[in-house]
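Descriptive structure summary
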Amino acid sequence: MEGVDHLAFERNKAQFDVDAMKIVWAGSSHALEVSDRMSRLVASDPAFRKDNRAMLGRKELFKNTLRKAAYALKRIIELRLSEEEASMLRSFVDEPAFTDLHWGMFVPAIKGQGTEEQLKKWLPLAQKMQIIGCYAQTELGHGSNVQGLETTVTFDPKTDEFVIHSPTLTSSKWWPGGLGKISTHAVVYGRLITDGQDHGVHGFIVQLRSLDDHLPLPGITVGDIGMKFGNGAYNTMDNGVLRFDHVRIPRDQMLMRVSRVTREGKYVQSNVPRQLVYGTMVYVRQTIVSDASTALSRAVCIATRYSAVRRQFGATGGNPESQVIDYKTQQARLFPLLASAYAFRFVGEWLKWLYTDVMTRLQANDFSTLPEAHACTAGLKSLTTSATSDGIEECRKLCGGHGYLCSSGLPELFAVYVPTCTYEGDNIVLLLQVARHLMKTISQLGSGKKPVGTVAYMGRVEQLMESRSDVQKAEDWLNPSAVLGAFEARAARKSVACAKNLSKFSNPEEGFLELSNDLVEAARAHCQLIVVSKFIDKLQQDIPGKGVKQLLEVLCSIYALFHLHKHLGDFLSTGCITSKQGSLANDQLRSLYSQVRPNAIGLVDAFNYTDHYLSSILGRYDGNVYPKLYEEAWKDPLNDSVIPDGFQEYIRPMLKQQLRNARL
Ligand SMILES: CCCCC/C=C\C/C=C\C/C=C\C=C\C(=O)SCCNC(=O)CCNC(=O)[C@H](O)C(C)(C)COP(=O)(O)OP(=O)(O)OC[C@H]1O[C@@H](n2cnc3c(N)ncnc32)[C@H](O)[C@@H]1OP(=O)(O)O
Ligand SMILES: Cc1cc2nc3c(=O)[nH]c(=O)nc-3n(C[C@H](O)[C@H](O)[C@H](O)COP(=O)(O)OP(=O)(O)OC[C@H]3O[C@@H](n4cnc5c(N)ncnc54)[C@H](O)[C@@H]3O)c2cc1C
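Along each chain, residue indices are assigned from 1 in the same order as the chain's sequence is written. Following the order in which they are written, the chains are lettered starting with A and the ligands numbered starting with 1. This being a predicted model, a pLDDT of at least 70 is required before a residue's local features are given, and a value of 80 or more before pairs of side-chain atoms are given or counted; all residues contribute to the totals for chains, interfaces and linings.

1. Remarks on the overall build of the protein
- Only DSSP runs of H or I reaching four residues or more are called helices, and only runs of E reaching two or more are called strands; each is numbered from the N terminus. Regarding its fold elements, the protein presents 23 helices and eleven strands.
- In this description the radius of gyration comes from C-alpha coordinates, and the expected globular size is given by 2.2 Å times residues to the power 0.38. Its C-alpha atoms give the protein a radius of gyration of 27 Å, within 12% of the compact-globule value 26 Å for 664 residues.
- Here the C-alpha coordinates of the protein stretch approximately 90 × 75 × 65 Å along the principal axes.
- As a rule, residues whose C-beta atom has 12 or fewer other C-beta atoms within 10 Å are exposed, those with 20 or more are buried, and those in between are partly exposed; C-beta atoms are placed from the backbone. A buried classification covers 44% of the 664 residues belonging to the protein.
- Two residues qualify as a contact pair if the distance between their C-beta atoms, derived from the backbone, is within 7 Å. When contacts within the protein are restricted to residue pairs at least 6 apart in sequence, those whose partners lie at least 24 apart make up 74%.

Next comes the structure, spelled out in structure tokens:
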């Protein structure tokens, strides 16, 4: 039935102010107003239709993405949208495109690594999209190991130019988004060589294609690397391959904030740490954490609404069957994901603050918080993207068979999302970076250096090695200090155990390799502690709205106790809690799930997603699932004709032959 809200009875159950929760989710009333306006603008414009993506071939799909990108820019200019509005509009278009890399990496790379003069020259061109850029770092043979890149950039003092070259097949740039077909420029990473000396990897602005006819410039070979996972999905992006054959660029196209090459060919390092060459990755990893909360909340919104619509078993006395959301097993799978979406939102907010703070300090030549920023962005990117990918797949299963249909929105969401575990740093490689930070922190404890920021708890390591949880009844687990105490003790003990084992190796690097599984687990425990503690910090703020804070407290406890239950082995084996306390946490979880149940639809409504953005029949706001699924099936091109192409050609003769054989 059109126009009827099939979920109204669920919405009426909410015990909190959903509009106030929308503001908390968006970050502020202003952010909510802008995102609401931009999402409706996109949803109401047929040019941004996206329900046919899975049916399109690669070329059509790609052309369609280019049309949308050009149209989005036209609307941004016509409507005189601010940078904030424009960025929101692009995100609601919801289609991976070259523009993501242009705005998300090319522009930030120039901003972060360029000199004042370079910013003046390149930023206006990029911001007006008079040039289109990408981020060309990864090579066919080298991704995680950035120091292993092979592309050479050799200074030629005779002409005051750099000569860029791809010496081997494995040095071919491979993967950069936007590179394959569209970018006119790239920030290319290669080994800087002056006077025969290799100075390691640096970034350079390189023009790839003519601004007149878009043909590759002399010495450049460039193209798309081919179809990727899933139909539609990430295939709207032209991930590319690029080779250089002694391509010359002017000296002033080396990004020279960190170090520079003089006219005479002298390599000069500034006082800025060399790791700033990796700065764009830190920036993007930070944005990926907030994006994780968006992707997970989309999947959770779909699975929650559908779980309230879907009924199976339990029809008694003429009553309808039970809503599947009422099954405790469904709640125990779904509600921790709902809690995780909120947890990632708040840790993402905090990470944005941390990043902004680091940037402000860098301007004042204070580099002290850079290692913390690297460890937090790397670790939280890893933790949140792995959990979100797994969470989207779990939401698909929570929707039963219908979750497997493209019209559920979940297969495409998964296919687009899952490479997040790999790009911007493989998730295991990034956790190993966190582990290095933790081991370094522990090794410096003896020197009197007080750990600060997210490793501050290591300063209390002696106390944490001895501490015992004082939880005696299930409700004690609602006390934030009980939860924090257990998570801090577990993280500290896992790291200390690694440090002790490492000290047994005469060669620390050998030890690091040998113990890498334990180190990854210690890093994960540390990152989970950060998420839990930032959720708890968020609850210290003034949060207005009837019942809003109380529900967030419930979600915070669910996030923490779910992970305590999931990693019970860790908590028990490190002696942080007893098995009795573990089982009390599980009892408390059951009660928390019951408190979420009447509020579940309200909590996903608070994400304020339009049906266009969700792109899911199962997650429709009005819950009118079955008639729409039925309608959608008939739209499949296979149903255009009663008898499909190929039947007369292959199946009819086969049937006839089989019938003939049977008669013989
Ligand atoms: C509008 C917003 C839109 C946003 C979205 C935009 C785009 C996203 C959309 C789509 C995604 C598409 C694009 C994807 C792009 C990419 O994937 S780009 C390529 C990304 N590549 C990687 O992430 C490679 C991963 N590898 C690395 O980062 C490094 O090689 C690694 C850190 C693993 C090792 O580096 P190495 O120099 O060998 O390190 P060491 O272990 O020796 O460390 C040396 C010291 O440097 C410190 N450090 C390392 N990295 C950083 C850093 N980023 N920042 C600060 N410091 C760093 C490290 O801790 C060591 O310090 P100490 O010596 O111990 O003190
Ligand atoms: C969709 C997509 C978009 C991308 N966009 C861009 C882009 O715009 N620009 C760009 O430059 N790059 C881009 N990339 C490349 C991306 O950054 C790399 O693929 C990523 O950094 C992982 O590196 P890799 O492929 O070398 O993986 P590998 O390092 O080869 O990983 C393979 C396996 O080895 C393991 N491994 C590697 N090193 C270690 C170690 N030290 N210890 C333990 N295990 C290890 C990993 O965990 C993994 O299981 C993109 C990739 C994808 C998939």
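Picking up where we left off.
2. Side note on the environment of G114
- Take G114: it is sitting in the loop between helix 6 (98-113) and helix 7 (116-127).
- In this structure, the C-alpha to C-alpha distance between G114 and T610, residues 496 residues apart in sequence, is 39 Å.
- Residues contacting G114, with those up to four places away along its chain left out, are L119, W122, L255 and R257.

3. As for the packing of helix 6 against helix 7
- Running from N to C, helix 6 and helix 7 cross one another at 165°; their axes reach a closest spacing of 10 Å. With respect to each other, helix 6 and helix 7 are oriented roughly antiparallel. The two elements helix 6 and helix 7 cross, and the hand of that crossing is left-handed. Contacts from F106, V107, I110 and K111 in helix 6 reach Q118, L119, W122, L123 and A126 in helix 7. In this analysis an axis means a line fitted to C-alpha atoms, helices contributing only their contacting stretch, and an angle means the value between N-to-C directions, from 0 to 180 degrees. Angle categories are assigned with fixed cut-offs, so that under 35 degrees is roughly parallel, over 145 is roughly antiparallel, 65 to 115 is roughly perpendicular, and the rest are oblique. Helix crossings are classified by the rotation of the near helix relative to the far one: an anticlockwise turn of less than a right angle makes the crossing left-handed, while a clockwise turn makes it right-handed.

4. Some details on the domain arrangement of the protein
- Just so you know, the domain bounds were taken from an automatic or database domain assignment. Along its sequence, the protein is organised into domain 1 (133-272) and domain 2 (277-605).
- For domain 1 versus domain 2, the distance between C-alpha centres works out to 36 Å.
- With twelve residues of domain 1 in contact, the opposing surface of domain 2 contributes ten residues.
- Looking at which element gives the most residues to the side of domain 1 that touches domain 2, the answer is strand 6 (residues 197-207), with three residues.

5. What about the site of ligand 2?
- The criterion for a residue being near a molecule or strand is a backbone-placed C-beta atom within 6 Å of that molecule or strand. Surrounding ligand 2, one finds 21 residues, the nearest of these being Q137, T138, G143, S144 and W175.
- When contributions to the shell around ligand 2 are tallied by element, the ones reaching two or more residues are strand 1 (133-136) and helix 12 (427-443).
- Counting residues per element, the shell around ligand 2 draws most heavily on helix 12, at three residues.
- Side-chain classes are defined by residue name, with Ala, Val, Leu, Ile, Met, Phe, Trp, Tyr, Cys and Pro counting as nonpolar, Asp, Glu, Lys and Arg as charged, and the others, Gly among them, as polar. Here the shell around ligand 2 is composed, by residue class, of eleven nonpolar, nine polar and one charged.

6. A word on the UniProt feature "domain: Acyl-coenzyme A oxidase N-terminal" (unreviewed entry) in the protein
- UniProt positions are given in the numbering used here, feature names are shortened, and annotations may be inferred rather than shown by experiment. Within this structure's numbering, the places UniProt gives as "domain: Acyl-coenzyme A oxidase N-terminal" (unreviewed entry) are residues 17-132.
- End C-alpha atoms of residues 17-132 are separated by 44 Å, and the span's content is 72% helix alongside 0% strand.

7. Quick word on the pairing of strand 1
- The alternating pattern of strand 1 places G133 and Y135 on one face and C134 and A136 on the opposite face, and all of these are buried.
- Direction of pairing for strand 1 relative to strand 5 (residues 185-194): parallel, over a ladder of four bridges. When the sheet's bridge partners are listed, G133 is paired in strand 5 with H185. Between any two strands, at least two bridges found by DSSP are needed for them to pair.

8. Quick word on the packing of helix 8 (residues 279-309) against helix 10 (residues 370-398)
- Here helix 8 crosses helix 10 at 20°, and the two axes come no closer than 8 Å. The angle between helix 8 and helix 10 falls in the class roughly parallel. Every pair of crossing elements has a handedness; the one defined by helix 8 and helix 10 is left-handed.
- Grouping the amino acids of the contact of helix 8 with helix 10 by side-chain chemistry returns 16 nonpolar, eight polar and two charged.

9. Re the site of ligand 1
- Of all residues adjacent to ligand 1, which total 30 residues, the nearest are G104, Q275, Y278, Y423 and G425.
- Contributions of two or more residues to the shell around ligand 1 are made by helix 6, helix 8, helix 10 and helix 12.
- It is helix 6 that contributes the most residues to the shell around ligand 1, five residues altogether.
- Structurally, the shell around ligand 1 is a two-domain feature, drawing no fewer than three residues from each of domain 1 (133-272) and domain 2 (277-605).

10. Considering the environment of Q147
- Its location among the elements puts Q147 in the loop between strand 1 and strand 2 (152-156).
- With 8 C-beta atoms packed within 10 Å, Q147 lands in the exposed category.
- C-alpha separation for the pair Q147 and S641, spaced 494 residues apart in sequence, amounts to 57 Å.

11. Considerations on helix 23 (residues 647-663)
- Taking 1.5 Å as the rise per residue, helix 23 with 17 residues should run 24 Å; its terminal C-alpha atoms sit 22 Å apart, in good agreement.
- With respect to burial, helix 23 is a largely exposed element, only zero of its 17 residues being buried. Expected span of a helix, by definition, is 1.5 Å for each gap between consecutive residues, and there is one gap fewer than residues.

12. Quick look at unusual backbone geometry
- Its identity as a non-glycine residue notwithstanding, D195 has a phi of 50°, on the positive side.
- Along the chain, the position of D195 falls in the loop between strand 5 and strand 6.

13. As for helix 3 (residues 29-43)
- The first and last C-alpha atoms of helix 3 sit 21 Å apart over 15 residues, in line with the 21 Å expected at 1.5 Å per residue.
- Against helix 2 (18-26), helix 5 (83-93) and helix 21 (611-614) lie the buried residues of helix 3.

14. Thoughts on the UniProt feature "domain: Acyl-CoA oxidase C-terminal" (unreviewed entry) in the protein
- The positions that UniProt labels "domain: Acyl-CoA oxidase C-terminal" (unreviewed entry) are, in the present scheme, residues 479-656.
- Secondary structure across residues 479-656 divides into 71% helix and 0% strand, with the first and last C-alpha atoms of the span separated by 74 Å.

15. What about the sheet that holds strand 7 (residues 220-224)?
- With respect to topology, three strands assemble into an open sheet ordered 4-8-7, the strand pairing being antiparallel. Edge positions in the sheet fall to strand 4 (173-174) and strand 7, since each has one partner strand and no second.
- As defined by bridge partners, strand 7 adjoins strand 8 (residues 240-244) across five bridges and the pair is classed as antiparallel. When the sheet's bridge partners are listed, D224 is paired in strand 8 with G240.

16. Let's talk about the environment of S533
- With respect to the helices, strands and loops of the structure, S533 is situated in helix 16 (residues 516-538).
- Overall, S533 belongs to the buried group, with 20 C-beta atoms counted inside 10 Å.

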